[in-house]
Amino acid sequence: MSLSPEVLSTLAAAIKRWGRELGFAEVRIADIDLAAAEPGLQAWLDAGMHGEMDYMAAHGMKRARPAELVPGTVRVITARMDYLPPSQDADWRARERARLDDPQAAVISVYARGRDYHKVLRARLQQLADRVRNEIGEFGYRVFTDSAPVMELPLAEKSGLGWRGKHTLLLNRDAGSMFFMGEILVDLPLPVDAPADAHCGQCSACITACPTNAILGPGRLDARRCISYLTIELKGSIPEEMRPLLGNRVYGCDDCQTACPWNKFAQRATLPDFDERHGLGSASMVALFGWTEEEFNRNMEGSPIRRIGHERWLRNLAVGLGNAATLGARGDAAIVAALRSRLDHPSDLVREHVGWALAQHG
Ligand code: SF4
Ligand code: SF4
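Residues numbered from 1 in each chain as written. Chains lettered and ligands numbered in written order. Predicted model: local features only at pLDDT ≥ 70, side-chain atom pairs only at ≥ 80, totals over all residues. Heavy atoms only, no water.

The name an unreviewed UniProt entry assigns to the chain is Epoxyqueuosine reductase, from the organism Pseudoduganella umbonata. Under the UniProt heading Subunit (unreviewed entry), the entry covering the chain gives this text: "Monomer." Taken from UniProt, the Function (unreviewed entry) comment for the chain reads in full: "Catalyzes the conversion of epoxyqueuosine (oQ) to queuosine (Q), which is a hypermodified base found in the wobble positions of tRNA(Asp), tRNA(Asn), tRNA(His) and tRNA(Tyr)." (UniProt positions renumbered as here; feature names shortened; annotations may be inferred.)

Student: What exactly am I supposed to notice about the UniProt feature "binding site: [4Fe-4S] cluster 2" (unreviewed entry) in the chain here?
Tutor: Here, UniProt's "binding site: [4Fe-4S] cluster 2" (unreviewed entry) annotation points to C210, C226, C253 and C256. For the residues just named, distributed over 47 residues, the greatest C-alpha separation is only 10.5 Å, placing them together at one site. Of the annotated set, the members that line the largest cavity are C253. Here C210 lies in the loop between helix 8 (205–209) and strand 8 (215–217). On the basis of relative accessible area, C210 is assigned to the buried category, the value being 12%. Here C256 is to be found in helix 11 (residues 255–258). Judged by its relative accessible area of 16%, C256 falls in the buried class. Once residues within four sequence positions are removed from consideration, C256 is found in contact with H167, C206 and I215. (1 Å grid on protein atoms, 1.4 Å probe; cavity = no way out; pocket = protein on both sides within 12 Å on 5 of 7 lines; lining within 4 Å. Helix = DSSP H or I, 4+ residues; strand = E, 2+ residues; numbered from the N terminus. Buried < 20%, exposed > 50% of the residue type's maximum accessible area, 1.4 Å probe, protein only. Contact = heavy atoms within 4.5 Å.)

Student: I would appreciate a short explanation of the site of ligand 1 in the present structure.
Tutor: C210, P211, T212, I215, L221, C226, I227, S228, C253, D255 and C256 make up every residue found near ligand 1. Those elements that place two or more of their residues in the shell around ligand 1 are helix 9 (227–233) and helix 11. Split into classes, the residues belonging to the shell around ligand 1 amount to eight nonpolar, two polar and one charged. (Near = heavy atom within 4 Å. Nonpolar A, V, L, I, M, F, W, Y, C, P; charged D, E, K, R; others polar.)

Student: Would you explain unusual backbone geometry in this entry?
Tutor: Glycine aside, a negative phi is what most residues show, and trans is what most peptide bonds show. In this model, T168 sits at a positive phi of 85°, which is unusual for a non-glycine residue. Mapped onto the elements, T168 comes out in the loop between strand 5 (163–164) and strand 6 (170–171). A positive phi angle, near 55°, is found at N213, a position not held by glycine. Within the secondary structure layout, N213 lies in the loop between helix 8 and strand 8.

Student: Just checking my understanding: could you explain the packing of helix 1 (residues 5–21) against helix 6 (residues 117–136) for this structure?
Tutor: How two helices pack is summed up by the angle between their axes together with the distance between the axes. Following both chains from N to C, one finds helix 1 and helix 6 inclined at 140°, their axes separated by 10 Å at the closest point. As the angle between them shows, helix 1 and helix 6 are arranged oblique. Handedness of the crossing formed by helix 1 with helix 6: right-handed. Residues L11, I15, W18, G19 and E21 of helix 1 pack against L128, R131, V132, E135 and I136 of helix 6. (Axes fitted to C-alpha atoms, helices over the stretch in contact; angles between N-to-C directions. Parallel < 35°, antiparallel > 145°, perpendicular 65-115°, else oblique. Left-handed = near helix turned anticlockwise from the far one by under 90°.)

And the structure:
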């Protein structure tokens with residue numbers, strides 16, 4: 001399809017308007033030249049910092065070459081959607097940090113307390129692509145959300161959705177980092193947007209705040225030490241030396257984000273999908289640890305947490321319940337009883353973590 005520069009320019013403006021109508025905070029456009037990101041990707045993979053995330057390596061340099069992934073691609077439409085639950089008030093960062101000292105509290109990453117963002121964003125991006133097709137007819141495209149084959153962050157950065165903070169996440173001057181991202185690879189030569197300037201300056205609050213020293217330096221993250229990786233991506237046993245560092249963070253970690261001064265500008269979600277469900281923002285570890293597999297599957301239906309399954313859920317909670325000992329609840333009767341109730345769990349993984357946890361209370 002051949003469209004004039006004028007038509008493409010009008011179409012680009014319309015795509016951004018439609019994106020906002022669909023609930024995205026911002027939609028922008030990048031070209032697909034990620035040559036500058038390739039050496040960094042290769043070095044990160046070579047150093048093994050992706051841990052067990054083999055899919056990162058499996059796609060190799062294709063990740064940095066969108067046209068190899070989807071032939072015909074010449075542009076990427078990038079989009080971001082704010083997710084801070086509307087129930088979070090101005091003091092949310094201080095409150096989240098305070099819960100880390102509560103030996104009973106189950107701390108679940110803020111992004112995971114509502115509906116699975118993959119589904120929400122994918123559906124909305126598909127609607128955006130449908131509107132483009134209604135306007136111009138058939139065109140080549142493919143939608144991605146937090147998807148391994150695409151180097152989402154460099155593309156978002158290139159399009160000007162924000163800059164890479166020292167914690168490696170994308171930061172936006174008007175919205176901090178509490179947003180999801182997705183993209184549409186297209187074969188339309190739309191006019192591209194300019195990248196944003198970086199504004200971390202001399203700050204290093206995220207590096208200091210990281211409880212596991214996973215941020216080795218500005219923009220250098222060792223995923224194997226990151227609590228998000230250890231509690232979500234890692235399938236097997238959590239390395240023993242890392243367990244005490246997890247505290248009561250039982251699904252993901254927001255410390256580098258709550259420490260970041262730009263997140264005072266984090267925006268509330270406009271879609272109800274990201275409202276907190278099942279009281280996950282104030283739940284206790286003992287209560288969540290008591291869920292049967294059937295309860296876990298039912299309660300977590302449509303949640304990103306369901307992806308890790310009941311076994312890893314119990315593994316994480318066992319570590320948190322063990323760490324309650326150092327948070328001031330050593331020997332707490334309800335915690336010890338909850339752990340003992342899982343000593344005969346059929347999973348070796350669960351029993352081993354429960355045994356470790358009980359030893360912390362010993
Ligand atoms: S998510 Fe937590 S563990 Fe991972 S880099 Fe950020 S602060 Fe560190
Ligand atoms: S905490 Fe500071 S250094 Fe880290 S991402 Fe935010 S502004 Fe950048």
